[in-house]
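# Architecture at a glance
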Amino acid sequence: MTKVLMKGSEAIAEAAIQAGCTHFFGYPITPQNEIPEYMSAHLPEHGGIYIQGESEVASINMVLGAAATGCQVMTSSSSPGISLMSEGISYLAGSELPCVIVNVMRGGPGLGGILPSQADYLQATKGGGNGDYNLMVFAPGNLQEAVDLVQSAWDYAFKYRNPVMILADGFMGQMMEPVEIKEHKTDRGNVESWALGYYKERGNKRSLIKSMNLTPELLEEHNIHLQEKYAAMKKEETMFELVNLDDAELVIASYGTSARIAKTAISHLRNEGYKVGMVRPITLFPFPYEAFDRIPASTKHILDIEMNMGQMIDDVKIATACKYPVSFFGHCGGLAPSVEEIEAECKKILG
Amino acid sequence: MSETKIYSRPESWMKEVHTHYCPGCGHGIAHRLICELIDEFGIQDKTISMAPVGCAAMMYDYIDIDYVEAPHGRAPAVATGIKRVYPEKIVFTYQGDGDLASIGMAEIIHAANRGENITVIFINNAIYGMTGGQMAPTTLIGQKATTCPLGRDPQLAGYPIRMCELLASLETPSYIERVSVARPKYTIKAKEALKKGFRYQMDKKGFSFIEVLSSCPTNWGLTPIKSFEWQLENMVPYYPLGIFKDFE
Amino acid sequence: MAKGRIEVSEDYCKSCGLCVAACPVKVLRISDRINMKGHRPVEQYKEGCIGCGMCAISCPDAAIEVYRISEE
């Protein structure tokens, strides 16, 4: 297949279909409505099923039911909708069910705004719902990467039996870019061994999928098992990109659309002789701490750039063990830092 | 002289288990009827249910079929997800009044309105059992609960919700009936209703809803026998038994 | 009159008494024994069971099995 020009939301939806997504349950919310709209039109053409839930709460629980059968199920929403889904997401993680959740972030808190934002970094990586759990969180930097990450998301979801979140922002949902969408064969592993609906295949042994355990020792044991899974993700699955890091005096830490803007600023700054590089986490959980070990001795300062009020900065400080001063630059509420602003901020820091 | 066994402990009822339910609780009767039907239809290997939140949260310990746990009130949404993947399996939810008529009101109405081909079994005992006797959406006017210690006041809490009547106002559902398990004669009818609910699902007739008037001796503060007497005297006049909607 | 008998799985019984109330020929009662869960299980204490099964239908714990006896 050659490259086609597609809108981000539609590219994400088509990529999901080409990766074998069979069920989609969702509820309309701006700015991601093109995903459910595309799914409602095209999923049935591929033999799949689209249902519009009565709310985000219902939609994520439809996802839970379908995920419990071991099928490739997906939902998408935007920030306040993800807040409503948090109950179900906690249950999905606790019950160890694979699914893919797309969050096309908008500004918050509360109803906030409808314009692009990265205001859900903490919600996505540190919880949202109750209990000790983590999602795998992928933050694509451009549409092709979004397509590729959506397609591989089920491989990770089934490998770890854990929900995977694609954390995109409104820019990515709305922009048009040429992308190549290939067919992708998802590895669902041995679904029969745990999913609903294989009573006979398991030799008349039922499947029981749950998160509740009223025996404290057993609940602790379950939590330890979940932590072992998260530890394996941290060890095996981190993804990141390093940009012009080798001789950098200033290192930008950024992800998603803000990293894309920063990349342009870096190329301008390099042309002017400023030694600026970047660490771009692609997996926000597991966070690529080891990427920050690659920061060279020449580095004097780290600049965290996001479209929020600095939600990743603590992770950057942990990753660098506070060896460098870390400051924040960004905008929120639907505003993005401009290339010029980033250049000015870098020049100010480098003096 | 010969002997015929006319009633056995159901096969699909978990072996060697003691339920955690209080003595005389209607949940046990409803569970037993479900097990009898699973045995009679021979559908143990293809029936899937959701464990609700409430007293029946651990019903997977008693009925030997595939189970997934649903958050409070969300079972109809979870069932939708399952049934849309497995149209040939038998999917039923089992929900109490707090679960279905309060926190899960949106999910039940919309699952019914989509005509999901599932069977919903609604246990109404007019109180929150598991959490210790708080007011339910079905608590009767004047009935005392720990969060309405002087009795339910309609000025403050409105009137109890009649779920069968509410759902029967929708076009889509196929079958809606209210039954009781207060006496053997009612329990026999309750089993017939549940049987019809499962049968309709097998025949792909769409959404069926069976409300079972139950009891809560512990939180009502009555003996098991007095509880069912109270149910017949107080609940049945407000929640009349019978069919509210039938496809046929 | 039909004849029958019941078998009570005593350890499952919670002495709720619903079967005692349901029995049309009043041959059941709560016994004096204590089962492993601390309940006093129900028992058939006199002749006259007609094997109607009303006790089993009332039992929330599936503790009662019912037999019908025919004379021939």
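Presented here is a report on the structure given in the accompanying data block.

### Observations concerning the overall build of chain C
Scanning chain C from terminus to terminus reveals two helices and four strands. Listing the helices and strands of chain C from first to last along the sequence gives β-α-β-β-α-β. For 72 residues, the compact-globule estimate of 2.2 N^0.38 gives 11 Å, and the C-alpha radius of gyration of chain C, at 12 Å, lies within 12% of that figure. Over its C-alpha atoms, taken along the principal directions, chain C stretches across nearly 40 × 20 × 20 Å. When the 72 residues of chain C are sorted by exposure, 50% land in the buried category. Residue pairs in contact within chain C that sit at least 24 positions apart in sequence constitute 55% of those at least 6 positions apart. Here chain C has roughly 3500 Å² of accessible surface; of this, 51% comes from carbon and sulfur atoms.

### Regarding the overall build of chain B
Broken down by element type, chain B carries nine helices and eight strands. Seen through its principal axes, chain B has C-alpha atoms that stretch 50 × 50 × 30 Å. Relative to its 248 residues, chain B shows a buried fraction of 62%. Long-range pairs, those at least 24 residues apart, make up 69% of the contacts in chain B with a sequence separation of at least 6. Here chain B has roughly 8800 Å² of accessible surface; of this, 55% comes from carbon and sulfur atoms. Across chain B, 25 positive and 27 negative side-chain charges occur, with their mean positions spaced 3 Å apart.

### Considering the side chain of Ser95 of chain A
Topologically, Ser95 of chain A is positioned in the loop between helix 4 (79-94) and strand 5 (99-105). A relative accessible area of 4% means that Ser95 of chain A is categorised as buried. Ignoring sequence-local partners within four residues, the contact set of Ser95 of chain A consists of Arg161, Ile209, Lys210 and Ser211 of chain A together with Glu69 of chain B.

### Remarks on the layout of surface pockets
Here the largest pocket defines a volume of roughly 650 Å³. Lining the largest pocket are 37 residues, and of these Tyr91, Ser211 and Met212 of chain A together with Val53 and Glu69 of chain B sit closest to its centre. Of all the elements in the fold, those that place two or more residues in the lining of the largest pocket are helix 4 and helix 8 (216-236) of chain A together with helix 3 (97-103) of chain B. Counting residues per element, the lining of the largest pocket draws most heavily on helix 8 of chain A, which supplies four residues.

### Here's the deal with the nonpolar core
Counting residues in each nonpolar core, the largest one holds 125 residues, and the members touching the most others are Met39 and Met74 of chain A together with Phe209 of chain B. Viewed by domain, this core spans two of them, domain 1 (4-199 + 223-236) and domain 2 (240-350) of chain A, each represented by three or more residues. Discounting chain neighbours no more than four positions away, the residues touching Met74 of chain A are Ile12, Ala16, Cys21, His23, Phe24, Phe25, Met39, Val63, Val100, Val102 and Trp154 of chain A. Among the nonpolar cores identified, the runner-up in size contains 43 residues, and Ala56, Ile90 and Val179 of chain B together with Cys16 of chain C belong to it.

### Some points on the interface of chain B and chain A
Each side of the interface is counted separately: chain B has 33 residues, and chain A has 34 residues. Carbon and sulfur atoms make up 60% of the surface buried where chain B meets chain A, a total of about 2700 Å² over both sides. Contact with chain A buries area across many residues of chain B, yet Asp45, Asp66 and Glu69 of chain B alone supply 23% of it, more than any other trio. Applying the counting rule to chain B against chain A returns four salt bridges. Here Lys200 of chain A and Asp45 of chain B are joined by a salt bridge, their closest N and O atoms 3.1 Å apart.

### Notes on the packing of aromatic side chains
Taken as a whole and judged by the stated rule, the model has 15 aromatic pairs over all chains. A connected cluster of aromatic rings, assembled from ring pairs, spans Phe287, Tyr289 and Phe292 of chain A. Above the face of the Tyr238 of chain B ring, Arg162 of chain B is positioned so that its terminal group lies 3.8 Å from the ring centre. Against the face of Tyr67 of chain C rests Arg5 of chain C, its NZ or CZ located 4.2 Å from the ring centre.

### Here's the deal with the sheet that holds strand 4 (residues 90-96) of chain B
Here we have eight strands laid out as an open sheet, ordered 9(A)-3(B)-2(B)-4(B)-5(B)-7(B)-6(B)-8(B), and mixed in their pairing. With partners counted over all chains shown, the strands left at the sheet margins are strand 9 (208-209) of chain A together with strand 8 (242-246) of chain B, one partner each. Here strand 9 of chain A runs beside strand 3 (residues 66-69) of chain B; their pairing, made up of two bridges, is parallel. Pairing of Ile209 of chain A across the sheet is with Val68 of chain B, part of strand 3 of chain B.

### Brief notes about the pairing of strand 5 of chain A
All names here are of chain A. Where burial is concerned, most of strand 5 is hidden: seven out of the seven residues are buried. Burial along strand 5 is two-sided: Cys99, Ile101, Asn103 and Met105 and Val100, Val102 and Val104, pointing in opposite directions, are all buried. Alignment of strand 4 (residues 73-77) against strand 5, held across four bridges, turns out to be parallel. Residue pairing across strands places Thr75 opposite Ile101, the latter belonging to strand 5. In terms of handedness, the path from strand 4 via helix 4 over to strand 5 forms a crossover that is right-handed. The pairing of strand 5 with strand 7 (residues 163-169) spans seven bridges and is parallel. By the bridge assignment for strand 7, Asn103 is matched with Leu167.

So, how was this worked out
- Residues numbered from 1 in each chain as written.
- Chains lettered and ligands numbered in written order.
- Predicted model: local features only at pLDDT ≥ 70, side-chain atom pairs only at ≥ 80, totals over all residues.
- Heavy atoms only, no water.
- Helix = DSSP H or I, 4+ residues; strand = E, 2+ residues; numbered from the N terminus.
- Rg over C-alpha atoms; globule rule 2.2 N^0.38 Å.
- Buried < 20%, exposed > 50% of the residue type's maximum accessible area, 1.4 Å probe, protein only.
- Contact = heavy atoms within 4.5 Å.
- Areas by Shrake-Rupley, 256 points an atom, 1.4 Å probe, with all protein chains shown as cover.
- Lys, Arg positive; Asp, Glu negative; His and termini not counted.
- Charge placed at Lys NZ, Arg CZ, Asp CG, Glu CD.
- 1 Å grid on protein atoms, 1.4 Å probe; cavity = no way out; pocket = protein on both sides within 12 Å on 5 of 7 lines; lining within 4 Å.
- Points joined across faces, edges and corners; volume = space filled by probe spheres on them.
- Core = buried A, V, L, I, M, F, W, Y, C linked by side-chain atoms within 4.5 Å.
- Domains from an automatic or database assignment.
- Buried area = accessible area lost by both parts, 1.4 Å probe.
- Salt bridge = Lys/Arg side-chain N within 4 Å of Asp/Glu carboxyl O.
- Phe/Tyr/Trp six-rings, centres within 6.5 Å; stacked < 30°, edge-to-face > 60°.
- Lys NZ or Arg CZ within 6 Å of the ring centre and 35° of its normal.
- Pairing = 2+ DSSP bridges.
- Right-handed = clockwise from strand over helix to strand, strands pointing away.

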